[in-house]
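In case you want the letters, here they are:
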Amino acid sequence: MRLNRRTALGLGTVATAGTVLGAAAPASAAEATDTSPTTPARAARRVAAVFTRHSTEAGGNWQAYVSVADPAGAPVVAVQADPDRRIEAYSVNKIAVATAVLDKVDRGLLTLDQQVEVSAAIVVPGGDGIFSLDGAYPSMVTLGHVLANLLTVSDDTAVRLCGLVAPAAEINSILVAKGFPNTQVEPVANPNRFFLGTSTPRETHDLLRALVAGTLLSPASTTYLLGLLRSPVAFTDGIRRTMSSDERARVATKAGWFADARHEAGVIFDRSGAAVLTYALFADGQANPEDFGATHPAVQARAAMGPKFLAAVDRIAGVGTTFRITARRPSNGG
């Protein structure tokens, strides 16, 4: 198992989570026995205990930032484990890419119904998503179709298609202007292509907070982006795995996986649709790095955290704008 400097010094996630909210009972005890009336501070303690327990069981390195909304003031920080470490964000940064594209939509430079070409040369062979499965190129798709695939099935070719309308340098400048200098894609020789780049747990958390606060994008683009992240087809192996369809609809989430890293970031909403918990969970160095399925230790840890995070904040009111989701009904065709 790879050890980071904090782990080597005995300052891993257990110590970090404890320093946020003061000394507490062992994680399993705090998680099980806190029956006090729910307040944001108590909910944050439960979230910290859940994170500590399951991240420790999974092993490896965790960098994280999690907060619980407080209608009376600033969010209560539940977890901060190496929150300012700049690390490879992988597909979690697809939220940032989509933000830059939608910023151009908001400024009238792009439209969701404009078309881009999916050529054979632009398809990532064997990449995640559906464009590589089409088997018939070229085709034309709308920018809305590109973003839908980018943020739900995490399509890798969709990244390159976004690059056709928002080059790497422009994406980075948009993110810097919005206050996210560490959340940057990595340019390559072709200005319209890039690796997904870096972020920090705190910046990813703050980007999501700005999104639900309505200060990142226009109301229309905000609703659109959150609708993709909350949709039934969005990532379900982690935080949302053992939730009902109604519960899943209360979670906007995006995962990222590459090499030995398994990341996930998102927002949990209260029953009215207001944001109540924001999480950025970055993990690497766990066992079985070749396993990109639901049985990877870090993914299993997040699957265990998800319902407990939801339960911890279930009786707390969120803050800000409410984002109701339209109920989706299965179809039998016709």
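Here we summarise the structure given alongside this text. Quick caveat, the model's predicted, so the values are computed rather than measured.

1. Focus on the packing of aromatic side chains
Next, step 1: Applying the stated criterion to the full structure yields 4 aromatic pairs.
Next, step 2: A ring pair is formed by Phe 51 and Trp 62, whose centres lie 5.9 Å apart and whose planes are at 90 degrees; its orientation type is edge-to-face. Of the two residues, Phe 51 is situated in helix α4 (residues 40-58) and Trp 62 in strand β1 (residues 61-70); the sequence distance between them amounts to 11 residues. Of the two residues, Phe 51 and Trp 62, both sit in the buried class.
Next, step 3: Seen from their ring centres, Phe 269 and Phe 323 are 6.3 Å apart, and the 70 degrees between their planes marks the pair as edge-to-face. Note that Phe 269 is positioned in strand β9 (residues 261-269) and Phe 323 in the segment after β11 (319-322), a separation of 54 residues in sequence.

2. Some details on the sheet that holds strand β7 (residues 194-199)
Next, step 1: Spatially, β3-β7-β6 is the arrangement adopted by the 3 strands of the open sheet, whose pairing is antiparallel. The sheet is open, and its two edges are formed by β3 (87-88) and β6 (184-187), each paired on a single side.
Next, step 2: Where β3 lies against β7, 2 bridges are found, and the strand directions are antiparallel. By the bridge assignment for β7, Glu 88 is matched with Thr 198.

Here is what the cut-offs are and how they apply
- Residues numbered from 1 in each chain as written.
- Predicted model: local features only at pLDDT ≥ 70, side-chain atom pairs only at ≥ 80, totals over all residues.
- Heavy atoms only, no water.
- Phe/Tyr/Trp six-rings, centres within 6.5 Å; stacked < 30°, edge-to-face > 60°.
- Helix = DSSP H or I, 4+ residues; strand = E, 2+ residues; numbered from the N terminus.
- Buried < 20%, exposed > 50% of the residue type's maximum accessible area, 1.4 Å probe, protein only.
- Pairing = 2+ DSSP bridges.

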